[in-house]
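Coordinates in review
This is what each chain is made of:
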Amino acid sequence: MNAEIDISAVTLQTARLTLRPWRETDLEDFYEYASVDGVGQMAGWKPHENREESREILGRFMEGKKTFALEYQGKVIGSLGIEKYNEERYPEFGEKKCREIGYVLSKDYWGRGLMAEAVQAAIRYLFEDVGLDVIFCGHFLSNGQSARVQEKCGFRHYAYGQFETKIGTVHEHEVNLLTKEEWEGGYGCRLLLFDLDGTLLRNDKTISPAVLKAVRDCREKGMRIGVATSRGEQNVLSFLEELAPDLLIASGGAVVKYDGRCLYRAEFSGEETKRMIELAREVCGPDCEITIDTMNSHYWNYRVDPKKQYPDWGNSIYTDFKDFEEPSLKMCVEIFEEEQARRLSGLLDECDCVRFSDGYWYKFTKKAATKEQAILKICAAWGIGTEEIVAFGDDYADMGMLALCGRGIAMGNAVDAVKEKADLVIGSNEEDGIAEYLNRQYLGNSVPESALGYIQQSVDGSM
């Protein structure tokens, strides 16, 4: 049965969006996106022809008290409606409290993960505060973008059918649903996969007690724990001891280990390593700083001993790299000029090259040695699907991983490009964002809501 809904005194806050009731002052923003060709058709309505049409529909939104405006950086960019589902078509849910979600997003903001973020906030509100048992959500079969949003948010297929729109068109339609039990159970998460620096680690390179406890509690619920880092294995040993992950992806994807054995490694030969070092010095200068990961060691030529700055640096070995010819997994080079970086990347076209956001360092691994390729190998070994993985990251090297996995989560401190590609943005690594998310999503614990930014308040701001 359809539950009663009144969102007139509700505001939901995510990391990037505010979901709130519509206001008369939203007219210009509404008309701006609703008049664009290709937006309304995705939901079965024509572009608005004039402001008066937008004004009339805006009035319905306000009167109906069931449609949120999606506000981003002070501008309304879409809507999310909590509609009635078809009780006659689905009588089997007569004893359940249900509703259906529908949504529209401005064309200018497609591809940034914003709609999935809004839908997830609405799901939480509907299950936790309204008390729904089931949420429906559908899409035209031709609308792959909407299908992906629903998949990322945990909805599963329930039925196919035909949908007749208000403008007289008929579309093949898929109906998906999500139950409260599925949502509370994490809808099939079998692996939690974490980047280290800027994600699992705080800025002081430690794991907070709250995050460590939440991760361990998730393991007790049967989830596997993995680390996917650009660090070499020797530089993560101190964290592995307390975290005890089931899986390690190190050196940016060049090595994959689980259950104490190596599943995969992508090495440069000693001769290739020597050539890479020579080219780095040729392009960036003879005194450029370089690090090399091998299977057993981490080598560096820093002018300042990194172990004095970072005690967690592990078993690093100083070398001037003269006559260095060991097989290697990864080379990192500090490059201050973008033109030099482009030139070196072009010379090393057999390598995957990514810059780290917190400095001028670039990593070079085998072309196929990426975090996402490593994930595919572990999926094959374990017999799991990428849709059963929830991945957390903050930097450019994490973007492919977040896009590949069933749910890609960016930290609040992540670079903007990562946030735009993620399905959800949570609190930062300094705010126990991971602990807040895991406790709320999988552990059912009552936790402060600051990191997820989820609030319910009256329109005038009083709680």
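On a predicted model such as this, the values are computed, not experimentally measured, just so you know.

Let us now look at the packing of aromatic side chains. Any aromatic ring pair is given by two values, namely how distant the centres are and how the planes are angled relative to each other. If you walk through the whole model with that rule in mind, you get 21 aromatic pairs. Relative to F136, the ring of F93 has its centre 5.3 Å away and its plane inclined at 85 degrees; by these criteria the two rings are edge-to-face. Of this pair, F93 sits in the loop between β4 (75–83) and β5 (98–105) while F136 is found in strand β6 (residues 134–140), placing the two residues 43 residues apart along the sequence. Here F93 and F136 have matching classes, each one buried. Members of the aromatic cluster, connected to one another through ring pairs, are Y85, Y90, F93, F136 and Y158. Positioned above the aromatic ring of W382, the side-chain terminus of R224 is 3.9 Å from the ring centre.

Strand pairing in a sheet takes place through backbone hydrogen bonds and is either antiparallel or parallel in direction. One open sheet accounts for eight strands, arranged β1-β2-β3-β4-β5-β6-β8-β7; its pairing is mixed. In this open sheet, the two edge strands, each paired with only one partner strand, are β1 (12–13) and β7 (156–164). Note that β6 and strand β8 (residues 170–179) share seven bridges and pair antiparallel. Considered in β8, the bridge of H139 is made with E174. Of the strands in this sheet, β5, β6 and β8 are in contact with helix α4 (residues 144–152), which crosses β6 at around 155 degrees.

Below, the discussion takes up helix α12 (residues 371–382). Counted at 1.5 Å a residue, the expected span for α12 with its 12 residues is 16 Å, and the 16 Å between its end C-alpha atoms agrees. For α12, every residue scored as buried is listed here: K371, A374, I375, I378, C379 and W382. Viewed end-on, α12 has its buried residues packed into an arc of 145 degrees, placing them on one side of the element. G383 sits one or two residues past α12 and shows a positive phi near 70 degrees.

What follows concerns the pairing of strand β9 (residues 191–194). Neither face of β9 is open: one carries L191 and L193, the other L192 and F194, and all of them are buried. Bridge count between β9 and strand β10 (residues 224–228): four bridges; the pairing is parallel. When the sheet's bridge partners are listed, L193 is paired in β10 with G226. As judged from the four bridges shared by β9 and strand β20 (residues 389–393), these two strands associate in the parallel manner. Of the residues in β20, the one forming a bridge with L192 is V390.

Read across the sheet, eight strands follow the order β13-β12-β11-β10-β9-β20-β21-β22 without closing on themselves; strand pairing throughout is mixed. In this open sheet, the two edge strands, each paired with only one partner strand, are β13 (261–265) and β22 (424–425). One ladder, built from four bridges, connects strand β11 (residues 247–250) with strand β12 (residues 255–258); its direction is antiparallel. The residue of β12 that forms the bridge with I249 is V256.

Any two side chains of opposite charge can pair, on the condition that their charged atoms come close. Enumeration over the complete set of coordinates arrives at 30 salt bridges. Here E388 makes a salt bridge to R190, at a shortest N to O gap of 3.4 Å. Of this pair, E388 sits in the loop between α12 and β20 while R190 sits in the loop between α5 (180–184) and β9; the two residues are 198 residues apart in sequence, bridging distant segments of the chain. Its relative accessible area of 18% is what places E388 among the buried residues. Under the relative-accessibility criterion, R190 is labelled partly exposed at 38%. D217 is paired through a salt bridge with K213; the nearest N and O atoms lie 2.7 Å apart. Within this pair, D217 and its partner K213 are both found in helix α7 (residues 209–220), separated by four residues, close to a single helical turn. Members of the salt-bridge network, linked through shared partners, are R20, D26 and E71.

Right, let's get into the state of the cysteines. On inspection of all chains with the given rule, the structure shows zero disulfides. For the unlinked cysteine C98, the closest cysteine sulfur is that of C137, found at 14 Å. What makes C98 buried here is its relative accessible area of 0%. Here C379 stays unpaired: no disulfide links it, and the sulfur of C405, its closest cysteine neighbor, is 7.2 Å away.

Right, let's talk about the pairing of β7 for a bit. Bridging between β7 and β8 involves eight bridges; their strand directions are antiparallel. Looking across to β8, one finds that G161 is bridged to H173. Linking two consecutive strands that pair antiparallel, namely β7 and β8, is a turn of five residues; a positive phi of about 90 degrees is found at G168 within it.

So, how was this worked out
Residues numbered from 1 in each chain as written. Predicted model: local features only at pLDDT ≥ 70, side-chain atom pairs only at ≥ 80, totals over all residues. Heavy atoms only, no water. Phe/Tyr/Trp six-rings, centres within 6.5 Å; stacked < 30°, edge-to-face > 60°. Helix = DSSP H or I, 4+ residues; strand = E, 2+ residues; numbered from the N terminus. Buried < 20%, exposed > 50% of the residue type's maximum accessible area, 1.4 Å probe, protein only. Lys NZ or Arg CZ within 6 Å of the ring centre and 35° of its normal. Pairing = 2+ DSSP bridges. Contact = heavy atoms within 4.5 Å. Axes fitted to C-alpha atoms, helices over the stretch in contact; angles between N-to-C directions. Expected span 1.5 Å × (residues − 1). Arc of directions from axis to C-beta. Salt bridge = Lys/Arg side-chain N within 4 Å of Asp/Glu carboxyl O. Disulfide = S-S within 2.5 Å.

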